[in-house]
Amino acid sequence: SSDKWEIHPDELILREELGSGQFGLVLKGSWHDRQVAVKTLREGFMSEEEFKEEAKVMMKLCHEKLVKLCGVVTQRSPIYLVFEFMENGCLTDFLRGKKGCLSQEVLLEMCLDVSEGMAYLESSNFIHRDLAARNCLVSDDNVVKIADFGMTRFVLDDQYTSSHGSKFPVRWSSPEVIKFGKYSSKSDVWSFGVLMWEVYSEGRVPYDNRTNAEVVEALNARLRLLRPRVCPQSVYELMQWSWKEKPEDRPSFALLLHELACLEQEP
Ligand code: ADP
């Protein structure tokens, strides 16, 4: 039954606002003796019935590099999602705030963290669909974890979901996603390549001199993001591999994880 995942609203203490995301407000809170982040889902923005079913699947996904979904409040509207609290907030803001202060080891470790979480999702046959630095969070001990996996499927606003929509994440999307809406673990791998680029450019916006339409044009002309100044050639080669035109030519997350772990061993 779904009761197992259901949190009674009385068990939650809600505190200050942490931010407001595409799904609605995010509040800091506590649940028993744990610090949590409570996502309140904007009404009418999501297909709630479908979401409730899928929340059960999402709660079974359990890995140290995924932001844990502790439970849900679905008995009344708006729905709440209760997540493990991540002290250092979203990865994009973290990178921008620490610009110039993050060592090569730390940058590589961040990519490795995300590759571990993604290798787990890949082996669980679960497609993230919106992997980007803004959808990763940083813990108090600077571990990067993946959030918001699979959530875009429930968004009803086609500005987010249509590849022509103004809010569609074109800059993180593979050619086959932009053209045919064909999502796979290999389209997640493309997004991961862009995420590695974000990490090594310390939170820059990918293709920041181009509009969304110009990004699509550039990709059609087989152009790719350039190597960030602080990025070693060996890591840039993994990015380029992730941005192969054909999904089958891209590495799996299992392989990327292995390659990144090997780079970490090098002096
Ligand atoms: P978006 O929808 O734009 O991806 P989110 O809804 O995930 O944004 O979150 C909005 C903001 O709330 C984030 O930028 C982050 O600062 C904060 N936040 C979200 N989840 C957590 C969490 N588990 N722990 C701490 N802060 C969080």
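Residues numbered from 1 in each chain as written. Predicted model: local features only at pLDDT ≥ 70, side-chain atom pairs only at ≥ 80, totals over all residues.

- Within an unreviewed UniProt entry, the label attached to the chain reads Tyrosine-protein kinase, and the organism entered is Phoxinus phoxinus.

**Examining the overall build of the chain**
Part 1 of the argument: When you go through the chain residue by residue, the secondary structure sums to nine helices and seven strands.
Part 2 of the argument: Computed over C-alpha atoms, the radius of gyration of the chain comes to 18 Å, within 12% of the 18 Å expected from 2.2 N^0.38 for 267 residues, which places it in the range of a compact globule.
Part 3 of the argument: Seen along its three principal axes, the alpha-carbon backbone of the chain occupies a region of about 55 × 40 × 35 Å.
Part 4 of the argument: Counting only residues that meet the buried cut, the chain has 38% of its 267 residues in that class.
Part 5 of the argument: Excluding contacts between residues fewer than 6 apart, the proportion of contacts in the chain whose partners are at least 24 apart in sequence is 64%. (Helix = DSSP H or I, 4+ residues; strand = E, 2+ residues; numbered from the N terminus. Rg over C-alpha atoms; globule rule 2.2 N^0.38 Å. Buried ≥ 20, exposed ≤ 12 C-beta atoms within 10 Å, placed from the backbone. Contact = placed C-beta atoms within 7 Å.)

**Overview of the pairing of strand 1 (residues 12–20)**
Part 1 of the argument: For strand 1 and strand 2 (residues 25–31), the ladder comprises six bridges, and the chain directions are antiparallel. What sits directly across from Leu14, in strand 2, is Gly29.
Part 2 of the argument: What sits between the antiparallel neighbours strand 1 and strand 2 is a turn of four residues, in which Gly24 has the positive phi angle 145°. (Pairing = 2+ DSSP bridges.)

**A look at the sheet that holds strand 2**
Part 1 of the argument: With antiparallel pairing, the five strands of this open sheet are ordered in space as 1-2-3-5-4. Only two strands of the sheet have a single neighbouring strand rather than two, namely strand 1 and strand 4 (69–73). The average angle at which neighbouring strand axes cross in this sheet is 30°, direction not considered.
Part 2 of the argument: Here four bridges tie strand 4 to strand 5 (residues 80–84), and the two strands are oriented antiparallel to one another. Paired with Leu69 across the bridge in strand 5 is Phe83. (Axes fitted to C-alpha atoms, helices over the stretch in contact; angles between N-to-C directions.)

**What about the site of the ligand?**
Part 1 of the argument: In the neighbourhood of the ligand, 20 residues make up the surrounding shell, with Gly19, Gly21, Val26, Ala37 and Met86 lying closest.
Part 2 of the argument: The set of elements that each furnish at least two residues to the shell around the ligand consists of strand 1, strand 3 (34–40) and strand 5.
Part 3 of the argument: Classifying every residue of the shell around the ligand by side-chain character gives 11 nonpolar, five polar and four charged. (Near = placed C-beta within 6 Å. Nonpolar A, V, L, I, M, F, W, Y, C, P; charged D, E, K, R; others polar.)

**A few points about the UniProt feature "binding site: ATP" (unreviewed entry) in the chain**
Part 1 of the argument: The sites that UniProt annotates as "binding site: ATP" (unreviewed entry) are Lys39.
Part 2 of the argument: As for its position among the elements, Lys39 is in strand 3. (UniProt positions renumbered as here; feature names shortened; annotations may be inferred.)

**Notes on the pairing of strand 2**
Part 1 of the argument: Where strand 2 lies against strand 3, six bridges are found, and the strand directions are antiparallel. In the strand pairing of strand 3, Leu27 is matched with Val38.
Part 2 of the argument: Connecting the antiparallel pair strand 2 and strand 3 is a turn made up of two residues, with His32 showing a positive phi of about 55°.

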